[in-house]
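# Observations on the three-dimensional arrangement
Residue-level listing of the chains:
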Amino acid sequence: MAELEVENVSLGFGGLRVLREVSFSAVAGEMLALIGPNGAGKTSLFNCISGIYSASGRIRFRGQDLIGRKPHEIAALGVGRTFQHAELFPQMSVLENVLTGRHARFKSGAWSEMLSLPAMRREEDAHRAHVERIIAFVELQWVQGAMVESLSFGTQKIVGFARALAAEPTMLLLDEPSAGLTREEREDLAHFILKTKEALGICIVWIEHDMQMVADLADRILVLDVGRTIACGPPEAVLRDKAVIQAYLGAVDGASVT
Amino acid sequence: MIGLFALLLGFPLIASQFQLDLANQVFLAVIGSLALMLLTGYAGQISLGHGGLLAAGAYTVAILSKDFGASFWVTIPASALSGALLGVIFGFPSLRLRGVYLAVSTLALHFIVIYLGTEYETHGSYDSGVIITPPVLLGYSLESPRAWYFMMLLFAVLAWLVAANLLRSKTGRAWRAIRANETVAEALGIGVSRYKLLAFVVTSSMTAVAGALFGYYRGFVSGEAFSIFIAIQYAAMIIIGGMGSLIGAVLGAVFVTAFPYFIEYLLFMLPGADQAANALFAVNYAAFGVVMIVFLIFEPGGFVGLWRRIANRWVTSAPNVVAVART
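Residues numbered from 1 in each chain as written. Chains lettered and ligands numbered in written order. Predicted model: local features only at pLDDT ≥ 70, side-chain atom pairs only at ≥ 80, totals over all residues. Heavy atoms only, no water.

## Let's talk about the overall build of chain A
The number of helices and strands found in chain A is 10 helices and 10 strands. A compact globule built from 258 residues should have a C-alpha radius of gyration of about 18 Å, and chain A, at 19 Å, falls within 12% of that. With respect to the three principal axes, the spread of C-alpha positions in chain A is 65 × 40 × 35 Å. In chain A, 65% of the contacts between residues at least 6 apart in sequence involve partners at least 24 apart. (Helix = DSSP H or I, 4+ residues; strand = E, 2+ residues; numbered from the N terminus. Rg over C-alpha atoms; globule rule 2.2 N^0.38 Å. Contact = heavy atoms within 4.5 Å.)

What follows is the structure, given as structure tokens:
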């Protein structure tokens, strides 16, 4: 049973067609890399899944239709995500950022918060403890209390990853997690992603430009070009596919994307 | 902290009638500016409806006590409720509009509230405003500024506690996330519409209670007391105090409330002060405008920003002091 099923999803802004009949599915425990040249519609596809854009077609997650739902409802269903530019909340510490990612898991209401009732404080403490474990998991205890603006871009992206994990998602959408990171940071990140996949067995869809990382980590690859699916399958096959090579490099005989 | 409380509690023993009145005005302003700080400084929603909300609280007291003979224990919760209701109405445009457009829509609501209030005055033939009799609590009539002092202090402290409690929990984080980036907040599971409305409801409710206290304190409610200048003054409080800080809201409230008295004091130190008395209003407005502009240009972080900068300079130089001390 597929976790995520995308069927004939199309998206347009005015006359511009961003996605054309994109279909694919992903299963639990799978790492599906989403690749394609700039403007292929990768981030738009993510925004359709998380409900920021309303697409036509059908998107099902664990048997539930996502199109028409609000983004926060989709997040509460278990779809976690990160953003290309980290998009952390400034003027908040690392811990607070990650706690904010856990928002949908809180039960206490505004009244108990205003009165600071014991039950509400216990809940807050329990979530805080959980979030501290996530921060330890991505090895960021050393900056836990730091304001996020003071961190390097690479560290900010790892915080963004931790923030997505905080909601305990059953599917993760990672938008170019490695872009702008140093070699060392990329290796750390690949390590955390693999650890997450092993520990949680969740489905991870991830947009990536680093083809070496894709070849190393992906179980399958989906290739988009100008809004269309041009290939989908295991890395060995896809990265040698004629259409893929053409989309990336323009026709080059005997070349490979990696 | 304890020292501060001792000072606040002991103040009525040494203060003059005038100083107590000023303190009471400050406490009222503190409630309103804490409320506006939650909405604008944390949730990032701009509102110019503060005068209307204060008026709503004051009119709730006027109507309930005049027409129904309701007591303080009824009118205050009722004004909180009417504020909350108005908060939903003031908040609805925020689901569609942002920034200056939102400000204009809240401004429109301000005029609607004032219009309804003055209509009540004319129909009840309270031509020059509604006179409110002082509330009697436990057989004790609240009339003098001294008697009101503790009531105002209590409400200001309660407002602070409510605001601080909300800010250090889920709601406060959601508000700050919305202020930073609505789309990201929404995609991470925060119901943005819900939390925006909640911000308007909490803010409006607190502000209406401040308005109700104001009505009782003045003993008189009239639409003319709630001009658009009030909304600007409250905006000034949170800017001058420092956006995104509760202490900033308090400092701003103290500054803006005391400012006209300070200007008056300065003006009467000048030679020929008697002629200057006529110009007092104009000088006041002008000086207020200048202070606002100076803050916006030179210290957009307000008093709190100024303090942080000074503290940072001191902290960064501190390690050298330690190093020198060690050698």
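## Some thoughts on the overall build of chain B
Each helix and strand counted, chain B has 14 helices and 4 strands in total. Against the 2.2 N^0.38 benchmark of 20 Å for 327 residues, chain B shows a C-alpha radius of gyration of 21 Å, consistent with a compact globule. Its C-alpha atoms give chain B principal-axis dimensions of roughly 80 × 60 × 40 Å. Within the span of chain B, comprising 327 residues, buried residues form 53% of the whole. Surface summary for chain B: the accessible area is close to 15700 Å², and the carbon and sulfur share equals 71%. Where the 16 positive side-chain charges of chain B centre and where its 12 negative ones centre are 23 Å apart. (Buried < 20%, exposed > 50% of the residue type's maximum accessible area, 1.4 Å probe, protein only. Areas by Shrake-Rupley, 256 points an atom, 1.4 Å probe, with all protein chains shown as cover. Lys, Arg positive; Asp, Glu negative; His and termini not counted. Charge placed at Lys NZ, Arg CZ, Asp CG, Glu CD.)

## Describing the state of the cysteines
Tallying each qualifying case throughout the model produces 0 disulfides over all chains. Here A:Cys232 stays free of any disulfide, with the sulfur of A:Cys203 as its closest cysteine sulfur at 12 Å. (Disulfide = S-S within 2.5 Å.)

## Re the packing of helix H3 (residues 94-101) of chain A against helix H6 (residues 153-166) of chain A
All names here are of chain A. Close contact between H3 and H6 brings their axes to 6 Å; oriented N to C, the two are set at 35 degrees. For the pair H3 and H6, the crossing hand works out as right-handed. Only Val159, Ala162, Arg163 and Ala166 of H6 make contact with H3, whose side of the interface consists of Val94, Asn97, Val98 and Gly101. For the contact of H3 with H6, a count of residues per class yields 5 nonpolar, 2 polar and 1 charged. (Axes fitted to C-alpha atoms, helices over the stretch in contact; angles between N-to-C directions. Left-handed = near helix turned anticlockwise from the far one by under 90°. Nonpolar A, V, L, I, M, F, W, Y, C, P; charged D, E, K, R; others polar.)

## A short note on the interface of chain B and chain A
Frequently, the measure chosen for interface size is the accessible area removed from exposure when the parts meet. Facing the 27 residues of chain B at the interface are 29 residues of chain A. Carbon and sulfur atoms make up 63% of the surface buried where chain B meets chain A, a total of about 2400 Å² over both sides. Of all residues in chain B, the largest losses of buried area upon contact with chain A belong to B:Lys170, B:Arg173 and B:Leu188, amounting jointly to 30% of the total for that side. The tally of links between chain B and chain A comes to 2 salt bridges. Between A:Glu124 and B:Arg173 there is a salt bridge, with the nearest N and O atoms lying 2.8 Å from each other. Counting across the chain B and chain A interface gives 10 residue pairs in polar contact (both at pLDDT 80 or more). For the side of chain B that touches chain A, the secondary structure elements donating two or more residues are helix H6 (145-167), helix H7 (170-180), helix H8 (182-187) and helix H9 (192-218) of chain B. In terms of residues, the side of chain B that touches chain A owes the most to one element, H7(B), which gives 8 residues. Tallied by class, residues from the side of chain B that touches chain A come to 14 nonpolar, 7 polar and 6 charged. (Buried area = accessible area lost by both parts, 1.4 Å probe. Salt bridge = Lys/Arg side-chain N within 4 Å of Asp/Glu carboxyl O. Polar contact = N/O pair within 3.5 Å; in protein donor to acceptor, adjacent residues only side chain to side chain.)

## As for the environment of A:Glu208
Residue and element names in this part refer to chain A. For Glu208, the position within the fold is in the loop between strand E8 (203-207) and helix H8 (211-217). Ignoring any residue separated from it by four or fewer positions in sequence, one finds Glu208 in contact with Leu34, Ile35, Pro177, Ser178, Met213 and Val214. A distance of 3.0 Å separates a polar side-chain atom of Glu208 from the backbone nitrogen of Asp210.

## As for the sheet that holds strand E1 (residues 4-13) of chain A
All names here are of chain A. The strand order across the open sheet formed by 4 strands is E2-E1-E4-E5, and the pairing between neighbours is antiparallel. Two strands lie at the open edges of the sheet, namely strand E2 (16-26) and strand E5 (64-65), each paired on one side alone. As defined by bridge partners, strand E4 (residues 56-61) adjoins E5 across 2 bridges and the pair is classed as antiparallel. Among the inter-strand pairings, Arg60 is bridged to a residue of E5, identified as Asp65. Across the sheet, helix H1 (residues 42-49) touches E1, E2 and E4, and the angle it forms with E2 is around 65 degrees. (Pairing = 2+ DSSP bridges.)

## Regarding helix H11 (residues 246-269) of chain B
All names here are of chain B. Between its terminal C-alpha atoms H11 stretches 34 Å, which fits the 34 Å expected from 24 residues at 1.5 Å a residue. Burial in H11 covers these residues: Leu246, Gly248, Ala249, Gly252, Ala253, Val256, Thr257, Phe259, Ile263 and Leu267. Here H11 starts with a cap whose side-chain oxygen sits 3.4 Å from the backbone nitrogen of Ile247, and that cap is Ser245. (Expected span 1.5 Å × (residues − 1).)

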